[in-house]
Amino acid sequence: AAVREMADRLEVRARSQELRGKADAAYRAGDFTAAAGFFEAQTELEPANFVPRYNLACALALSGQIEPAEAALQ
């Protein structure tokens, strides 16, 4: 059971890093809407991690979605 739990955590972490890479690339390209989508998926994988939630709020704000950006921070 412990091995399976560790494998699951590693899988979630790998997927989260993949999403972060895609989000960062979209962000650098100025596609803040796409970046927000990737950051949102990352927050779903790691709900206790505040970093993707903050990045989501930034991407939403830069895409003009101020109210959803504020909600992401709360």
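Here we summarise the structure given alongside this text.

Scoring rules and cut-offs
Residues numbered from 1 in each chain as written. Predicted model: local features only at pLDDT ≥ 70, side-chain atom pairs only at ≥ 80, totals over all residues. Heavy atoms only, no water. Helix = DSSP H or I, 4+ residues; strand = E, 2+ residues; numbered from the N terminus. Buried < 20%, exposed > 50% of the residue type's maximum accessible area, 1.4 Å probe, protein only. Contact = heavy atoms within 4.5 Å. Core = buried A, V, L, I, M, F, W, Y, C linked by side-chain atoms within 4.5 Å. Expected span 1.5 Å × (residues − 1). Salt bridge = Lys/Arg side-chain N within 4 Å of Asp/Glu carboxyl O.

### Some details on the environment of valine 12
Tracing the sequence through the fold places valine 12 in helix H1 (residues 2–28). Look at valine 12 and you get partly exposed, because its relative accessible area is 31%. Spatially, the C-alpha atom of valine 12 lies 24 Å from that of arginine 28, the residues being 16 residues apart in sequence. With sequence-adjacent residues up to four places away left out, valine 12 is seen in contact with Leu45 and Glu46.

### A closer look at the nonpolar core
If you look at the biggest cluster of nonpolar residues, it comprises eleven residues: Ala23, Ala26, Ala35, Ala36, Phe39, Leu56, Ala57, Ala59, Leu60, Ala69 and Ala72. Residue assignment for this core shows that the elements contributing at least two residues are H1, helix H2 (32–45), helix H3 (50–62) and helix H4 (66–73). Take this core: its biggest share by element is four residues, from H3. The contacts of alanine 57, once residues within four sequence positions are left out, are Ala69, Ala72 and Leu73.

### Observations regarding H1
Here H1 contains 27 residues, and its C-alpha end-to-end distance of 39 Å stays within 8% of the 39 Å for a straight helix at 1.5 Å per residue. Among the residues making up H1, those that are buried are Ser16, Leu19, Ala23 and Ala26. Where H1 is buried, its residues meet H2. Where H1 ends, the next residue or the one after it, glycine 30, has phi of about 85 degrees, a positive value.

### As for the pattern of salt bridges
Enumeration over the complete set of coordinates arrives at six salt bridges. Among the salt bridges present, the one from glutamate 46 reaches arginine 13, with a minimum N-O distance of 3.5 Å. You can see glutamate 46 sitting in the loop between H2 and H3 and its partner arginine 13 sitting in helix H1, a full 33 residues away along the chain. Residue classification places arginine 13 among the partly exposed residues on the basis of a relative accessible area of 40%. For the salt bridge of glutamate 18 with lysine 22, the shortest nitrogen-to-oxygen distance reads 3.4 Å. Of the two residues, glutamate 18 and lysine 22 both sit in helix H1, four residues apart, roughly one turn of that helix. Exposure remark for lysine 22: the relative accessible area of 38% places this residue in the partly exposed category.

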